[in-house]
Amino acid sequence: MKLKFLICISAFLLLSSGISAQQSTLEGIITDENNNPLDLVSIAIEGTSRGTSTNSNGFYRLQADFSQTRKIVFSYLGYKLSEHEIKLAPGEVKKLNVQLEPLATLLPDIEVLESQVITSQYIKIDPQLSAIIPGPGNGVESLLKTMPGVTSTTELSSQYSVRGGNFDENLIYVNGIEIYRPFLIRSGQQEGLSFINSDLVSSITFSSGGFDAKYGDKMASVLDITYKTPTEFAGSFSISLLEGSLHLEDVKLNNKLKYLFGFRHKSNQYLLGTLDTQGDYKPEFTDIQGFVSYEFNPEWELNFLGNYSRNQYLFTPEVQRTRFGTVTEVRQFTVFFDGQETDRFITALGALSLNYTPSPGIKLQMISSVFQSDETENFDILGRYLLERVETDFGSDDFGQATGTPLGVGSFHNHARNYLNAIVWNLEHKGVIKDDYNTFKWGLKYQYEDIFDRLSEWSMVDSAGFSIPQQPYNLLLLQDTINTRISLQSNRFSGYVQNSREFQRPEGRYIITGGIRTQYWSYNQQWLFSPRATVLFKPEWAPRMVFRISGGLYQQPAFYRELRDFQGQLNENIKAQESTQFVLGAEYNLTLWDRPFKYTSEIYYKNFKNLIPYELDNVRIRYYANNTASGYGTGLDMKINGEFVPGIESWASLSVMKTEEKIDDAFFTDPDGNIVPLGYIPRPTDQRFNFSLFFQDFLPRNPSYKVSLALVYGSGLPLSPPAEQKTRNITTMPAYRRVDIGFSKELIGVSSKFSENSFFRNIKSMWITAEVFNLLEINNTISYLWIKDISNNMYAIPNYLTSRLINVKLITQF
């Protein structure tokens, strides 16, 4: 028996030696057209399951039997396939460096340079698509709203929710600088322009959860924007019926001085005219941004990022007519208004960054930034309303007309005199030490906050059951009354360390990233520690697949709004909200119709502690300012993107999600008079189902004509009547459904010919686009006004969003 065993072992060793002797090695570096290394490029031996992929430095090594001629295929989404025939002697090592060419979209001057490729837990998005996607708010945020896990229920706002989180739970960075939003905005009509100027953007990186320790202390997502590095004089301008923009870039002083400049102006007056509430809308939104970089020498560089934004919203309402109900029970709500609204939001940002790069693997930064927001919100609006039934009998002469019989009459009065001034100053140090297989990062940050807030607002609804004269003084009770002055100064200290290690094993390639964040806030004297980790696995047995698992503790300390309750009082004992997250993801690169595609999916679970309950009305978040809730969120995100049409990229995203919370002091009284805890209820952002699509096409025989389409379907958000604990978030609003489409024609492109003296010879491209917003003319609801009729029946009057509208846009690059 022992002899047989020894013979088998000897035979196995001889066979293994013979197989090993047949192995040859092919290795090299894969780069793009600018000689930048490409990560996760798939290298496969055609007709076999053997293959590998590049690391973050673009390096690959493939060991196989090349004694016979084999075809090696290099593939990367957004780039042309590269095929090479290889034949090597046993044991031979051959270097093969490959430069991949980007896929031209077959539409001049639009290329897929950055596709959605997961490297670790991040999605990379092509910023050029922000000019193509149709919609009233086209920009980086419009692209984000088509990503898996990202939801939005209004086209008037650039804000978005991610996996059940609210707007305040998202991080945004531009060139490493954290970006803040105005505080007092309560509706999308007031919002105006977002900070991000898509004309200046060179790369977009996004994570919907499980992100690294280097990013800040929020629970939902991170959006990391990098602005362009100019190489020559260039620019662009665009103009439409809603907005106009101009951007310039250039290099001076022997490429030592580089600058970007962007100007934007927007007015939604044309768009707001489609709302049910008619009146005199005068929205004016202006934004100026600049980025300047000066290189003293190859080691030292100084950067400046500046922004000034002025958003002004003037509105004098006149009349509103809203119809709602079912097919057989239709109601008409008519309001006649007096008064006006005047809002002004002025924000400014200045940031200096000194970069020191003593060697290619070491980079040190010192960053100082100042953000200021000066906000004023004034309105006095009185409305007198009439609720009527609409005739629904097809045989009646008055079919479709209001019957004139009042079901309810009343009035409401909304008043506010609010002012807020906030200053946030930062001083931060960051560092990176990197070699071929290891990256170590660290950071330290000090932040000072000075906020002054003067609130004076109230509302009155003179409707059955709402405002009844109170004896003995015959007074009327007001709702949502706030009258307070707040001054808050505080300091924050934070830091992180993070290490990422790449290594190759026989079963595949691993990237393991681990880190920890810490923060201390002087206001509540709380120390936070947040460990986070990610493991990325690229198997040898499935070279087209990538697997990822990530998790950690994400703690979000209150900033300001979370501190302030409904009465305008601050809670000094507030604690940071906590989210323990686990994410499991997979990516599969496949070929359909001989074109590259990528399918990604992620399943996640979040456990929440110390939650601060809040209410969501339009885009206004009002916090209860106490840590009285716990909860969970779980879901599945899926996306497929690729060349549905040869040469241009489209994608579809699908998300299924559920998030609930349990509020400690939430209860109701049952019919027997017993006090019953409310238990788990849907969170205000519990959107169970979301589907989005971005699709591009062109005429095959004339690619200068193209079409782009954006489609969004999101199930309804939770809804409850005011001050009703028993029915809190027990029902839902109607689903958000919207289709926007754009038709474009290239006027000037790479094939255009002009004389030397022609003004147009310096224009690289010019496109004219006709867009149809809300193509299907669906009435989407953003919020409700609650009233009662003469029979004490409560009605939720929907506030509808914009209707169908045609926009014309001209885009020019030079």
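What counts, and at which threshold
Residues numbered from 1 in each chain as written. Predicted model: local features only at pLDDT ≥ 70, side-chain atom pairs only at ≥ 80, totals over all residues. Heavy atoms only, no water. Phe/Tyr/Trp six-rings, centres within 6.5 Å; stacked < 30°, edge-to-face > 60°. Buried < 20%, exposed > 50% of the residue type's maximum accessible area, 1.4 Å probe, protein only. Lys NZ or Arg CZ within 6 Å of the ring centre and 35° of its normal. Patch = residues over 30% accessible without salt bridge, like charges linked within 9 Å, V, L, I, M, F, W, Y side chains within 5 Å. Areas by Shrake-Rupley, 256 points an atom, 1.4 Å probe, with all protein chains shown as cover. Salt bridge = Lys/Arg side-chain N within 4 Å of Asp/Glu carboxyl O. Helix = DSSP H or I, 4+ residues; strand = E, 2+ residues; numbered from the N terminus. Pairing = 2+ DSSP bridges. Axes fitted to C-alpha atoms, helices over the stretch in contact; angles between N-to-C directions.

## Structural notes on the packing of aromatic side chains
Consideration 1: A full pass over the atoms with the stated rule returns 38 aromatic pairs.
Consideration 2: Considering the side-chain rings of Phe 394 and Phe 399, the 4.7 Å spacing of their centres and the 25° angle between planes classify their relative orientation as stacked.
Consideration 3: Its relative accessible area of 71% is what places Phe 394 among the exposed residues.
Consideration 4: Pairwise contacts between aromatic rings join Tyr 122, Tyr 173, Phe 211, Tyr 215 and Tyr 554 into one cluster.
Consideration 5: Taking NZ or CZ as reference, Arg 492 lies 4.1 Å from the ring centre of Trp 521, over its face.
Consideration 6: Lys 639 extends its terminal NZ or CZ atom over the ring of Trp 651, reaching a point 5.0 Å from the ring centre.

## A closer look at a nonpolar patch on the surface
Consideration 1: A contiguous nonpolar patch, built from Val 292, Phe 296, Trp 300, Leu 302, Phe 304, Leu 352, Leu 354, Met 366 and Leu 427 and spanning about 730 Å² of accessible area, is present on the exposed surface.
Consideration 2: Within the residue set of the nonpolar patch, elements represented by two or more residues are β20 (300–325) and β21 (330–359).
Consideration 3: With 3 residues, β20 is the single largest residue contributor to the nonpolar patch.
Consideration 4: Along the chain, the position of Phe 304 falls in strand β20.

## Some points on the sheet that holds strand β5 (residues 70–75)
Consideration 1: On the basis of which strands lie adjacent, the open sheet formed by 4 strands has the order β3-β2-β5-β6 and antiparallel pairing. The open sheet has two edge strands with one neighbour each: β3 (51–53) and β6 (82–86). Between one strand axis and the next, the sheet turns through 20° on average, direction left out of account.
Consideration 2: Pairing between strand β2 (residues 42–45) and β5: 4 bridges, direction antiparallel. Considered in β5, the bridge of Ile 43 is made with Phe 74.

All quantities given are derived from atomic positions and should not be read as evidence of function.
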